[in-house]
Amino acid sequence: MLSTVAIVPAPERADSPSTPSDTVLRLFDAATAAFADNGFHATTTRDIASRAGLSPAGVYVHFTSKEELLYRLSRAGHEQALALITSAADDVDSPSEALAAVMARFSAWHAEHYAIARVVQNEFPHLSEAHRDEVLALRKRIDATVRRVLRAGEASGDFVLDNVADTALALLSIVVDVARWYTPALHRTPEQIGATNAALGLRLVGCRGPNLSPERLAPLGR
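The structure displayed is predicted, hence computed values, not measured ones.

Mapping Asp158 onto the fold places it in the loop between α7 (129-156) and α8 (164-176). Among the polar contacts made by the side chain of Asp158, one reaches the side chain of Ser156 at a distance of 3.2 Å.

Structural data, given as structure tokens:
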């Protein structure tokens, strides 16, 4: 089973332990695998419990519902994604390097954590209205970060854009699609995929900035 250790949802209550128990982590792993394989509606709490080595009642000891599990995973995945691209955009000196870093790191993340990425990107519409609104707010912040990079490149003359919003959507679509087709059986590493998508992103914006070579792009996926 693919581990979700890199994406550990935070406790919901102030009096909860900061580190989830082994049982809760097993449930997160099991839910991620089940949702990624079968989708939210086709997954039952019995499926999740079985993958986690528990009885069906064991799920409800830790979570009120299947939807709460999806919410916790979706929120944590989006929070990590937002932190990742914000760091990528802010850690470099030029818009072209910022866009390359965002595309490389976010693409690599979708490959490294392809199961949770599928859940994060595809299953959030099944959340309750309140939970969906919370996740959508995080998605808007991710989109806003990409738009900020694009506007900076347009202002500097590095990028040639017809429409910032449409371009941001196209760039993020390239990244998100990685989780759909990626498999560990591919003879391409997440870093190589990140470098390829970074180069594609720069071409998409008609980048007139510094020519970032494949050797320089690859480390940006780390």
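Right, picking up where we left off after that structure.
Turning to the packing of aromatic side chains, a few remarks are in order. In total, this model carries 4 aromatic pairs according to the counting rule given. Between Tyr114 and Tyr182, the ring centres sit 5.6 Å apart and the planes meet at 55 degrees, which makes this aromatic pair tilted. You can see Tyr114 sitting in helix α6 (residues 114-122) and its partner Tyr182 sitting in the loop between α9 (178-181) and α10 (190-204), a full 68 residues away along the chain. Overall, Tyr114 belongs to the buried group, its relative accessible area being 18%. Sitting over the face of the ring of Phe40, Lys66 holds its NZ or CZ atom 4.2 Å from the ring centroid.

With that settled, the discussion passes to the environment of Val92. In this fold, Val92 is placed in the loop between α4 (66-90) and α5 (95-112). With a relative accessible area of 22%, Val92 lands in the partly exposed category. Those residues in contact with Val92 that lie beyond four places of it in its chain are Glu97 and Ala98.

Turning to α4, a few remarks are in order. Taking 1.5 Å of rise per residue, 25 residues should cover 36 Å, and α4 covers 36 Å from first to last C-alpha, within 8% of that figure. The element α4 is extensively covered by neighbouring structure, given that 18 of its 25 residues are classed as buried. In this structure Ser65 caps α4, since a side-chain oxygen of it lies 3.4 Å from the backbone nitrogen of Glu67.

Looking now at α6. It helps to recall that an α-helix has 3.6 residues per turn; residues three or four apart then point in one direction. Burial of α6 is extensive: 7 of the 9 residues sit out of reach of the surface. Within the span of α6, buried status applies to Tyr114, Ala115, Ile116, Ala117, Val119, Val120 and Gln121. Looking at the buried residues of α6, the elements they touch are α1 (22-38), α4, α5, α7, α8 and α9.

Rules and cut-offs
Residues numbered from 1 in each chain as written. Predicted model: local features only at pLDDT ≥ 70, side-chain atom pairs only at ≥ 80, totals over all residues. Heavy atoms only, no water. Helix = DSSP H or I, 4+ residues; strand = E, 2+ residues; numbered from the N terminus. Polar contact = N/O pair within 3.5 Å; in protein donor to acceptor, adjacent residues only side chain to side chain. Phe/Tyr/Trp six-rings, centres within 6.5 Å; stacked < 30°, edge-to-face > 60°. Buried < 20%, exposed > 50% of the residue type's maximum accessible area, 1.4 Å probe, protein only. Lys NZ or Arg CZ within 6 Å of the ring centre and 35° of its normal. Contact = heavy atoms within 4.5 Å. Expected span 1.5 Å × (residues − 1).

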